[in-house]
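Report on the structure
The residues making up each chain are set out below.
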Amino acid sequence: MSTTGNSPKNYSPNAPATPPTVSAVVPAAYAGHRSDYALAQMFPEHSRSRLCAWLKAGRITLNGLSPAPKDKVRGGETVLLTPQPDPQVSAFRAQDIPIDVLFEDQHLIIINKPAGLVVHPGSGNWQGTLLNALLQHAPQLAHIPRAGIVHRLDKDTSGLLVVAKTLAAQTALVRQLQAHSVTREYIAVVHGLVAREGHVQAPIGRHKTQRTKMAVVPGGKPALTHYEPVAHFESTTQVRCRLKTGRTHQIRVHMAHIGHPLVGDAVYGGNRKPPAFARQALHAHTLQLQHPATRRRRAWSAALPADMQTLIATLKNT
């Protein structure tokens with residue numbers, strides 16, 4: 001089952017209206033001070049850096065003019081401030097975005113996420129995420145923390161995700177994840193020839209110097225990844241990976257750590273030669289868990305997306 005849509009349609013049952021324009025007069029006591037300082041004193045609910053940004057964007061005027069933050073005020077000027085809505089506030093709004101729903105009942109949703117879709121709003125991606133799509137698909141998720149999302153996939157990783165539709169289901173799923181009783185298997189294509197199955201047990205944390213990256217670091221969070229070769233090609237291997245833990249970028253970091261980075265991984269792949277691939281070749285293929293209401297063990301699988309099928313077919317013919 002899937003839901004589809006065309007142009008984005010945003011709404012939120014509790015979304016605040018666009019902030020109104022505020023009018024004020026610069027007190028004479030601030031005469032001779034920088035405009036950003038005076039504004040910070042007049043509008044303490046906004047940070048000075050935010051007020052500076054609004055000055056530069058023309059959202060604040062003094063007597064109809066847009067001064068620079070360093071320009072001095074004389075006192076007595078009429079200030080018009082049109083606040084810009086906080087993107088974090090507007091992030092949790094529904095959008096009509098297609099999602100592929102493999103299973104749904106009153107307790108949970110199993111989704112096959114396409115590559116390129118961000119799961120949760122964040123810096124640089126406040127809209128157009130899976131969370132926005134879920135709020136459109138099931139508006140009641142607005143009352144569940146993180147719209148029921150209990151685990152994530154990287155933007156360019158495809159495959160299966162479970163979403164809770166009730167607080168009770170969310171609590172049950174989080175406990176299963178913490179107990180490592182949720183089975184998550186991935187299909188990946190890695191550089192090099194992986195001769196036999198094995199595991200990587202190495203702690204993962206923030207890279208010491210490149211803070212947007214993760215790495216195997218002393219003192220990181222414990223992480224365990226099982227892997228086994230599925231098919232060998234000329235200089236690459238199709239592998240099946242099973243997560244025992246769920247750290248950020250875990251499979252990508254662990255496979256790179258043992259000298260087998262994922263094909264197409266621009267972050268952890270190093271300067272590897274072709275095959276070229278537009279994203280990391282990683283797909284969450286199988287998901288198995290205990291249904292939060294029936295307590296029965298359930299399993300779902302999602303076929304490889306077209307781009308990975310093409311990659312593997314090309315490698316077989318090389």
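Please read all numbers here as calculations on a predicted model, not as lab measurements. (Residues numbered from 1 in each chain as written. Predicted model: local features only at pLDDT ≥ 70, side-chain atom pairs only at ≥ 80, totals over all residues. Heavy atoms only, no water.)

**Things to note about the nonpolar core**
Counting residues in each nonpolar core, the largest one holds 36 residues, and the members touching the most others are Leu 130, Leu 134, Leu 141, Tyr 186 and Ile 251. At the level of elements, strand E5 (99-104), strand E6 (108-113), helix H4 (130-137), strand E7 (158-164), strand E8 (183-191), strand E13 (236-243), helix H6 (250-257) and strand E14 (282-290) are the ones that each hand at least two residues to this core. Looking at this core element by element, the count peaks at 5 residues for H4. Leu 141 has contacts with Ile 109, Leu 134, Leu 135, Ala 147, Val 163, Ala 164 and Lys 165, leaving out every residue within four places of it along the chain. (Core = buried A, V, L, I, M, F, W, Y, C linked by side-chain atoms within 4.5 Å. Buried < 20%, exposed > 50% of the residue type's maximum accessible area, 1.4 Å probe, protein only. Helix = DSSP H or I, 4+ residues; strand = E, 2+ residues; numbered from the N terminus. Contact = heavy atoms within 4.5 Å.)

**Some points on the packing of aromatic side chains**
Think of a pair of aromatic rings as described by two things: how far the centres are apart, and how the planes are tilted against each other in angle. Summed over the entire model, instances satisfying the criterion amount to 2 aromatic pairs. Taking 6.3 Å as the distance between ring centres and 90° as the angle between the ring planes, the aromatic pair formed by Tyr 30 and Tyr 37 counts as edge-to-face. Assessed through its relative accessible area of 28%, Tyr 37 is described here as partly exposed. With a centroid separation of 5.4 Å and an interplanar angle of 45°, the aromatic rings of Phe 103 and Trp 300 are classed as tilted. Of the two residues, Phe 103 is situated in strand E5 and Trp 300 in strand E15 (residues 297-301); the sequence distance between them amounts to 197 residues. In this structure, Arg 298 packs its charged tip against the face of Phe 103, placed 4.9 Å from the ring centre. (Phe/Tyr/Trp six-rings, centres within 6.5 Å; stacked < 30°, edge-to-face > 60°. Lys NZ or Arg CZ within 6 Å of the ring centre and 35° of its normal.)

**Brief notes about the environment of Ala 215**
As for its position among the elements, Ala 215 is in strand E11 (residues 214-216). In this structure Ala 215 comes out as buried when scored by relative accessible area, which is 14%. Taking the C-alpha atoms as reference, Ala 215 lies 26 Å from Leu 130; in sequence the two are 85 residues apart.

**Notes on helix H5 (residues 167-178)**
Its 12 residues give H5 an end-to-end C-alpha distance of 16 Å, which sits within 8% of 16 Å, the value for a rise of 1.5 Å per residue. Within the span of H5, buried status applies to Ala 169, Gln 170, Ala 172, Leu 173, Gln 176 and Leu 177. Here the buried residues of H5 occupy an arc of 165° about the axis, which is enough to place them on one side. Facing away from the buried side of H5 by more than 90 degrees, the exposed set consists of Ala 168, Arg 175 and Gln 178. Buried residues belonging to H5 abut E7, E8, E14 and E15. Downstream of H5 by one or two residues, His 180 has phi in the positive range, about 60°. (Expected span 1.5 Å × (residues − 1). Arc of directions from axis to C-beta.)

**Observations concerning the pattern of salt bridges**
A complete count under the given rule lists 8 salt bridges for this structure. With a shortest N-O distance of 2.9 Å, Lys 165 and Glu 104 are connected by a salt bridge. Separated by 61 residues along the polypeptide, Lys 165 in the loop between E7 and H5 and Glu 104 in strand E5 bring together distant segments of the chain. Glu 104 sits in the partly exposed class, given a relative accessible area of 25%. Salt-bridge contacts for Arg 240 lead to Glu 185; the nearest nitrogen and oxygen are separated by 3.9 Å. In this pair, Arg 240 sits in strand E13 while Glu 185 sits in strand E8, placing the two residues 55 residues apart along the sequence. Among the charged side chains, a salt-bridge network with shared partners connects Arg 34, Asp 36 and Arg 48. (Salt bridge = Lys/Arg side-chain N within 4 Å of Asp/Glu carboxyl O.)

**Structural notes on the pairing of E15**
Across 5 bridges, the pairing between E14 and E15 is antiparallel. By the bridge assignment, Thr 286 is partnered in E15 with Ser 301. What sits between the antiparallel neighbours E14 and E15 is a turn of 6 residues, in which Arg 295 has the positive phi angle 70°. (Pairing = 2+ DSSP bridges.)

**Focus on the sheet that holds strand E4 (residues 78-81)**
If you trace the 3 strands from one edge of the open sheet to the other, you get E2-E4-E3, paired in antiparallel fashion. A strand with exactly one partner marks an edge of an open sheet, and here the two such strands are strand E2 (22-25) and strand E3 (60-62). Direction aside, neighbouring strands of the sheet carry axes that sit 15° apart on average. Two strands pair when backbone bridges link them, and E3 and E4 are joined in this way by 3 bridges, in the antiparallel orientation. Of the residues in E4, the one forming a bridge with Ile 60 is Leu 81. (Axes fitted to C-alpha atoms, helices over the stretch in contact; angles between N-to-C directions.)

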